[in-house]
Amino acid sequence: MGTLSPDSPWTIWVIFSPLAGAVFTFLWPRRARLAVPLVALGTVGSVACLVWQVAELGVQSHALGGWAAPLGINLYADGLSAMMLLTTALVGAAVTFYATEYFRRASETARYFWPLWLCLWTALNALFLSWDIFNLYVAFELLGLAAIALVALAGSADALTGAMRYLLVSLLGSLTYLLGVALFYSTYGTLDIGLLGDLTAPSAASWAATGLMVAGLLLKTALFPLHFWLPPAHAAAPTPVSAILSALVVKASFYLLLRLWLEVFPVTAAGLGHLLGLLGALAIVWGSLQALRQTRLKLLVAYSTVAQLGYLFLAFPLALSPVAATAWSASVFFILSHALAKAAMFLAAGNILRFAGHDRIAELGRAPYGVSLSWAAFGVAGISIIGLPPSVGFAAKWLQLEAALAGGQWWWTLPIVGGGLLATAYVFKIISCVFSQNGRTSGTNGISWRMEWTAFGLSLAALGIGFAAPQLLALLNSGTPLALHEVGSAP
Amino acid sequence: MSWNASLPLLVLASSLVPGLIIFCLPEEKQRTRTTLNLVGVLLKLALVTFMVWGVQQGEHYETRIPLLPGLDFVLRADALSMFFALLSAVLWLATTIYAIGYLEDSPHRSRFFGFFSLCVTATLGVALAGDMITFLLFYEMLTLATYPLVVHRGTEAALRAGNVYLAYTVTGGALLLAGMVWLHTLSGPLEFTANGFLAGLARDHAAALVAIFVLLIAGLGVKAALVPFHGWLPQAMVAPAPVSALLHAVAVVKAGAFGIIRVIHDVYGIELAAELALTGPLAGLAALTIIYGSLQALLQNDLKRRLAFSTVSQVSYVALGIAIAGPVATIGGIVHLVHQGLMKITLFFCAGNLAETLGIHKVTEMRGVGRRMPWTMAAFTLGAFGMIGVPPMAGFFSKWFLGSGGLDMGQPWVVAVLIVSSLLNAAYFLPVLRAVWFEDPPEAWPAERSFGRSETSLMLLLPTLSTAFSALAVGLLASMPLSPLQWASLVASLEYRP
């Protein structure tokens, strides 16, 4: 598949830059503060170049060491990969900038944070560029382990319990996934996504493999009712880690599911699609209600992630119609929107937590003095989470509603619209603190302008990138990644 | 971008930019904040006036940015949008001056005026929106920008009212969104077009068009406070007086009413709406709201609540005028956007003056207040007469056109509704006026503040008097060229062009 596409060396740099950074910061932790901005710059730069190539020239690929699949390893970037890389680069750069300030005084934690985070970034980029299911597994496993270690960095009892649970879930998920991979390999003798897509046919073995892989990925994407591990892990982690986990890590397993669904899995399984959609709808309702019930700010934000992930899964039933591409695009837009907005929210919540010394919502009244920009960031990010125009979240919601109505499945509009209302309720539960006269939080810890502006900048990006929706859609469709493989999408 | 394409954006920027700067100002920089406010408001008024003049000369102002496949962000100036834009710009000038006086020495002024400016930006955006998605964008922005104003005081009651307000308006926005997406899947682009753009779909999708209409009107009806979606409006009374004035006269309820005009005229087209039998039920709902609002107003003792229910009633005149679906009634409906705005803003300013100067909040406390605050109460009287529809006040012309328009279309029941409503208006305003002017004042007012020789602060009094005077003037000068009535006739004639 990749042999026809132009060869792009940027695919290597996209993986190599953060990897080099990870090794460097591990070996010379004292130089991390100097090296990290350069690493981030290099990674973002390579991603920008690659995205530009995909947008202008179409699908890019690169055979590692000159060996093409099935013998060698192929890196492959189409519009979907480009969108994921772009999302990761935007959030990654912001979090990196934030963390240089956040860990300024905690040199011991920082010592582990930088190599782990850069490792995680490497894994993400590798995942989005991999084109065979075993490489995907390797990247995926690396991603999971790095993420777990990052959660444990906080060192508190909560964080360690959360991390432990996350570890068990993650291992179980990966293992199930790996079983599926093994089944596919023993049946068809190849791991390349393109080749598998051409070979897979409905059979007991493919069904079993599909089932195993989907189950593993759902667990790691925290789809309701498999979400139980997410809130404690995301809420207890250090702030930059919370942002990374919620914004990027869960999206990676969704990406994998989406990719395999579109390219590998034997037939579009209507029943399974509807089941996933139903779980997604339940996730929206349940996650939002739980968010509304929380008394701690970071937990509220974490449950909001559970709810927002539900939207991603509505695409599975919606795509069982002539407007499949619209439904999938909506999910990818949700990924972008949620990544930016949720990262902004977690960073803002982290600022408020550090400033006030606690994150008990009931006592946050009058807190804005001192961290007003963080509150503003929370509010602006809220616009995107609720899905109001002109944010990317609105574009996503619009596309999804369009897919539901044009595809003749109007009942899915209920969770889509209802989720927005519930989101309003929990976002404004926090926003109303700003205006309340009740509590009296006086800040003890100063928050540097960098931490505030990073959160605010991310939230503005979530709001403003909505105006770039036509360009992003064009980028996403480069190489038609969203067409099902039976339809004949192979370039 | 050419001058004509950037002008609509400049109109929005003239309040958005000062608003964003005001957010960053420290609380004590009062002079800078006031300057920014006034410069923004005056600049906006100048730009809008210039555009009104340009539109009259046949100039075409349009900004267009692609937003989603097949959908653009469009700002455009047409006769109707300029009508609403000019109203907003003028009333904003009055309200800004009033708010500066009203909020003197109170906390959180930077926050207040920041959101205040976002609010005017959203209202102007609603006015200038050239397609439905742009309309929705500013409609939702209006919700978000007014919430902080409603809960500004930060008390328990204010926060509760804010929650009610949000629950209603956000649900309304969601219904609007659902209707729009559905319409988009049927019709493609959603640009406002004179006489509508859906005529071609009527044969195959009549049922869907009816359902979409219901969604859209319900979504807009929340802000326009149509019964049964009006519950938020009386609650929102906890807001400071300038905010109430704003919510009731220009920003929120008018955005809803204006949206209803847009949907019927420029989305469905009056003929299609009548053909699908959509206007009849809407007229019925509007009539019901008019009567119900007046009845409720009669029962309120809290002055601002009484005025709030009066708004519920009066704003539905706009919907009624449109839904009668005849040219004359349409003029009455559209011109009532301006007339009700001027009268209601006057009344709310007066209520604010009473509360600020004498601590009066209840109707029963208003006995004899005419002797203590004659100017304010003169303005109040003009506003109340206008609401009742006494000639030559502005309200009379609205009712006249509505009534004769109803008769033209063979719907005499409209006249009956107007008569009942006017009687009810008289019933809840005249006893107040009698008490104000003819009863003896009490020994002491609930909480009196002295303002030297003037009856109250001039910053409060002057805007009140000027809006009251305007409400009189637009009635007296109704037949002059460029009066609101003439402009409304122009708008209506565009829709009913043979």
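Just so we're clear, the structure is a prediction, and the values are computed from it rather than from any experiment. (Residues numbered from 1 in each chain as written. Chains lettered and ligands numbered in written order. Predicted model: local features only at pLDDT ≥ 70, side-chain atom pairs only at ≥ 80, totals over all residues. Heavy atoms only, no water.)

A.B. asks: Lay out the side chain of Lys-44 of chain B with the relevant residues and their values.
C.D. replies: All names here are of chain B. Mapped onto the elements, Lys-44 comes out in helix α2 (residues 30-56). Summary of buried charges: Lys-44 has no salt-bridge partner, and the nearest side chain of opposite charge, Asp-78, is 16 Å away. Look past the residues within four positions of Lys-44 in its chain and what remains in contact with it is Val-11, Leu-12, Ser-14, Ser-15, Ala-89, Val-120 and Leu-124. (Helix = DSSP H or I, 4+ residues; strand = E, 2+ residues; numbered from the N terminus. Buried < 20%, exposed > 50% of the residue type's maximum accessible area, 1.4 Å probe, protein only. Lys, Arg positive; Asp, Glu negative; His and termini not counted. Salt bridge = Lys/Arg side-chain N within 4 Å of Asp/Glu carboxyl O. Contact = heavy atoms within 4.5 Å.)

A.B. asks: Tell me about a nonpolar patch on the surface, and please be specific about residues and values.
C.D. replies: Residue and element names in this part refer to chain A. A cluster of nonpolar side chains, namely Trp-10, Trp-13, Phe-16, Leu-19, Val-23, Phe-26, Leu-27 and Trp-28, defines an oily patch on the protein surface of about 840 Å² accessible area. By the element assignment, Trp-13 lies in helix α1 (residues 10-27). A residue is classified by how much of its surface remains accessible, and Trp-13, at 44% relative accessible area, is partly exposed. (Patch = residues over 30% accessible without salt bridge, like charges linked within 9 Å, V, L, I, M, F, W, Y side chains within 5 Å. Areas by Shrake-Rupley, 256 points an atom, 1.4 Å probe, with all protein chains shown as cover.)

A.B. asks: Can you break down the packing of helix α3 (residues 79-102) of chain A against helix α18 (residues 449-464) of chain A residue by residue, with the values?
C.D. replies: Between two packed helices, both the angle of their axes relative to each other and the distance between the axes serve to describe the pair. Residues and elements named next belong to chain A. Close contact between α3 and α18 brings their axes to 9 Å; oriented N to C, the two are set at 160°. Looking at the two axes, α3 sits roughly antiparallel to α18. Remark: the crossing between α3 and α18 carries left-handed chirality. Every residue of α18 that contacts α3 at Ala-94, Phe-97, Tyr-98, Thr-100, Glu-101 and Tyr-102 is listed here: Arg-450, Met-451, Thr-454 and Leu-458. The residue inventory of the contact of α3 with α18, partitioned by class, reads 6 nonpolar, 2 polar and 2 charged. (Axes fitted to C-alpha atoms, helices over the stretch in contact; angles between N-to-C directions. Parallel < 35°, antiparallel > 145°, perpendicular 65-115°, else oblique. Left-handed = near helix turned anticlockwise from the far one by under 90°. Nonpolar A, V, L, I, M, F, W, Y, C, P; charged D, E, K, R; others polar.)

A.B. asks: So what's going on with empty space enclosed by the protein? Residues and values would help.
C.D. replies: Tallied over the full model, the rule gives 9 cavities of 30 Å³ or more. If you add up the space inside the largest cavity, you get close to 120 Å³. Around the largest cavity, the lining comprises 16 residues; the ones closest to its centre are Ile-386, Leu-388 and Lys-397 of chain A together with Ala-174 and Leu-177 of chain B. When contributions to the lining of the largest cavity are tallied by element, the ones reaching two or more residues are α16 (392-406) and α17 (413-435) of chain A together with α6 (156-187) of chain B. (1 Å grid on protein atoms, 1.4 Å probe; cavity = no way out; pocket = protein on both sides within 12 Å on 5 of 7 lines; lining within 4 Å. Points joined across faces, edges and corners; volume = space filled by probe spheres on them.)

A.B. asks: Report on the pattern of salt bridges, specifying residues and quantitative values.
C.D. replies: Residues and elements named next belong to chain B. Overall, the coordinates contain 17 salt bridges over all chains when judged by the stated rule. Here Arg-109 makes a salt bridge to Glu-27, at a shortest N to O gap of 3.9 Å. Pair noted here: Arg-109 is in helix α4 (residues 109-128) and Glu-27 is in the loop between α1 (3-24) and α2, with a separation of 82 residues, a long-range link. Overlapping salt bridges bring together Glu-62, Arg-64, Asp-72, Arg-76 and Glu-191 as one network.

A.B. asks: Got a sec to walk through the confidence of the model for chain A? Specific residues and values, please.
C.D. replies: Low pLDDT marks regions whose predicted coordinates should not be analysed in detail. Residue and element names in this part refer to chain A. Mean pLDDT over chain A stands at 88; residues scoring 70 or higher make up 92%. Summarising per-element confidence for chain A, the mean pLDDT is lowest in helix α7 (residues 193-199) (83) and highest in helix α12 (residues 297-313) (95). For residues 485-491, every residue scores under 50 in pLDDT, and the model assigns this stretch 17 contacts once sequence neighbours within four places are set aside. (pLDDT = per-residue confidence, 0-100.)

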